[in-house]
Amino acid sequence: MRAALEGVRAFSDAMDRMHTGLRGDMDMNATDLSALRMLSIREQRGELVKPHDLARHLGISSASTTKLIDRLAKEGFVVREPHPNDRRALVISLTDESRADFRRHFAARMARMRGALEPFTDAELRTIIRFLDEMGDALVDA
């Protein structure tokens, strides 16, 4: 168990270094990059993101969230759109340009990650997925 937890710590450190590299590549601060990553992940899951969701994810106030969204919108990374089911609410979405920019900066890293996964069997990958899901759940406060 200790070796597994040390592996998680080493992986977490590698993720931190990757995000630092991405921030430099994209000339972006940590909060802005975290917001774009969250929007990208939620988009891939088919989930809509309201400003409140972004605030809760980043642990920032509504005023800070408004400033963040204003800045990201001004720079062409996100757009505010009406919520499809709640006319009183807005959703925040990545722009096509932002999506392409994010993919371009992440492409080489993604290729290396895919290469690291190739030696594993489907059964091993299912175990890895289960492990990562459980660790993710363990890290987030209820």
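Just so it is clear, the structure is predicted and the values come from calculations on it, not from any experiment.

About the thresholds
- Residues numbered from 1 in each chain as written.
- Predicted model: local features only at pLDDT ≥ 70, side-chain atom pairs only at ≥ 80, totals over all residues.
- Heavy atoms only, no water.
- Helix = DSSP H or I, 4+ residues; strand = E, 2+ residues; numbered from the N terminus.
- Contact = heavy atoms within 4.5 Å.
- Core = buried A, V, L, I, M, F, W, Y, C linked by side-chain atoms within 4.5 Å.
- Buried < 20%, exposed > 50% of the residue type's maximum accessible area, 1.4 Å probe, protein only.

(A) Representation of the side chain of Thr-95. With respect to the helices and strands, the residue Thr-95 is situated in the loop between β2 (90-94) and α5 (96-117). Setting aside residues up to four positions removed in sequence, Thr-95 forms contacts with Gly-76, Phe-77, Val-78 and Val-79.

(B) Geometry of the nonpolar core. Judged by nonpolar contacts, the single largest core of 21 residues is most densely connected at Leu-36, Leu-54, Leu-72 and Val-78. Where this core is concerned, the elements lending two or more residues are α1 (2-26), α2 (30-44), α3 (51-58), α4 (62-74), β2 and α5. The biggest single contributor to this core is α2, with five residues. Contacts of Val-78, omitting those with residues within four sequence positions, involve Leu-36, Leu-39, Ile-69, Leu-72, Ala-73, Ile-92, Ser-93, Leu-94 and Thr-95.

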